Amino acid sequence: MLLALVAAMTIANGEFLERSVTVDQVAHVYRVWIPPDYTTSRRWPAVLFLHGSGERGSDGLKPTQVGLGPALLAGVAGAGAIVVFPQCPENEHWVGPARNIAMAALDAVEKEFSIDRRRVALTGISMGGAGAWVLAAEHPDRWSAAAPICGWVVRPRKLTSIPDNKLPWLG
């Protein structure tokens, strides 16, 4: 009942809401940015934001404290979208099984809030940028835009004959 009330109300200043999603029988806390003036009377764009390695954990807060999160709180970044902030567990990477946590969080947000599924963007920084590349490749029809930032990539199989010193970004 409370979730329905939150989804139906207008939020004046924008805020982070705590949510949880279960993946492989483990609960994972994440945050959702709800923009100012959110209302269910229209469909909103969404952004899936993948944090870097320094924000891994299980508190659900660290991902909101670097990159896009502080910019949203300060009003510096445009807040015309719902932003999903999943958290990668310690000692894992977004390019591994943790990416299922990110997708499960996005799926849950799309069910709970009024999202325009034709306008869902993907971004991430550093380790999150690497995860954004992987999710963009795995789910190419899911995103209206993808903007990995400082994300590394694994050498494509077709380039295995090129020595590492000729591809310094793969080191």
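Every chain's residues receive numbers from 1 upward, in the order its sequence appears when written. Local features in this predicted model are restricted to residues whose pLDDT is 70 or higher, and side-chain atom pairs enter the listing and the counts only when it is 80 or higher, whereas totals over whole chains, interfaces and linings include all residues. Side-chain figures throughout are based on the complete set of non-hydrogen atoms in the structure, without hydrogens or water.

A. Highlighting the sheet that holds strand β1 (residues 15-23). Strand pairing follows a simple DSSP-based rule, namely that at least 2 bridges must link the two strands. Numbering of helices and strands starts at the N terminus; helices are DSSP runs of H or I of at least 4 residues and strands are runs of E of at least 2. Strand order across the open sheet formed by six strands is β1-β2-β4-β3-β5-β6, with mixed pairing between neighbours. Edge positions in the sheet fall to β1 and β6 (145-149), since each has one partner strand and no second. For this sheet, the mean inter-axis angle between neighbouring strands, taken without regard to orientation, is 25 degrees. Its contacts with the sheet place helix α3 (residues 99-112) against β1, β2 (26-34), β3 (44-50), β4 (82-85) and β5 (115-125), and it is angled at close to 120 degrees to β1. Across the sheet, helix α4 (residues 127-138) touches β3, β5 and β6, and the angle it forms with β5 is around 140 degrees. Axis lines are fitted to C-alpha atoms, over the contacting stretch for helices. Their N-to-C directions set the angle, which ranges from 0 to 180 degrees. In what follows, residue pairs with any heavy atoms lying within 4.5 Å of each other are defined as contacts.

B. Main features of α3. Under the convention used throughout, the expected extent of a helix is 1.5 Å for every residue step, that is, one less than its residue count. Helix length check: α3 (14 residues) gives 20 Å between terminal C-alpha atoms against 20 Å at 1.5 Å per residue, within 8%. Only protein chains enter the accessibility calculation, which uses a 1.4 Å probe. A residue is then buried if its area is under 20% of the maximum for its type, exposed if over 50%, and partly exposed in between. Burial of α3 is extensive: ten of the 14 residues sit out of reach of the surface. For α3, the set of buried residues is R99, I101, A102, M103, A104, A105, L106, V109, E110 and E112.

C. Broad picture of the confidence of the model for the protein chain. Per-residue confidence from the prediction method is given by pLDDT, with values spanning 0 to 100. Here the protein chain shows a mean pLDDT of 85. Residues at 70 or above account for 81%. Mean pLDDT across the elements of the protein chain bottoms out in helix α1 (residues 2-8) (38) and peaks in α3 (98). The model gives residues 1-12 a pLDDT under 50, and that stretch makes 22 contacts with residues more than four places away or in other chains. Throughout residues 166-171 the model reports pLDDT below 50, and contacts reaching past four residues in sequence, or to other chains, amount to six contacts.

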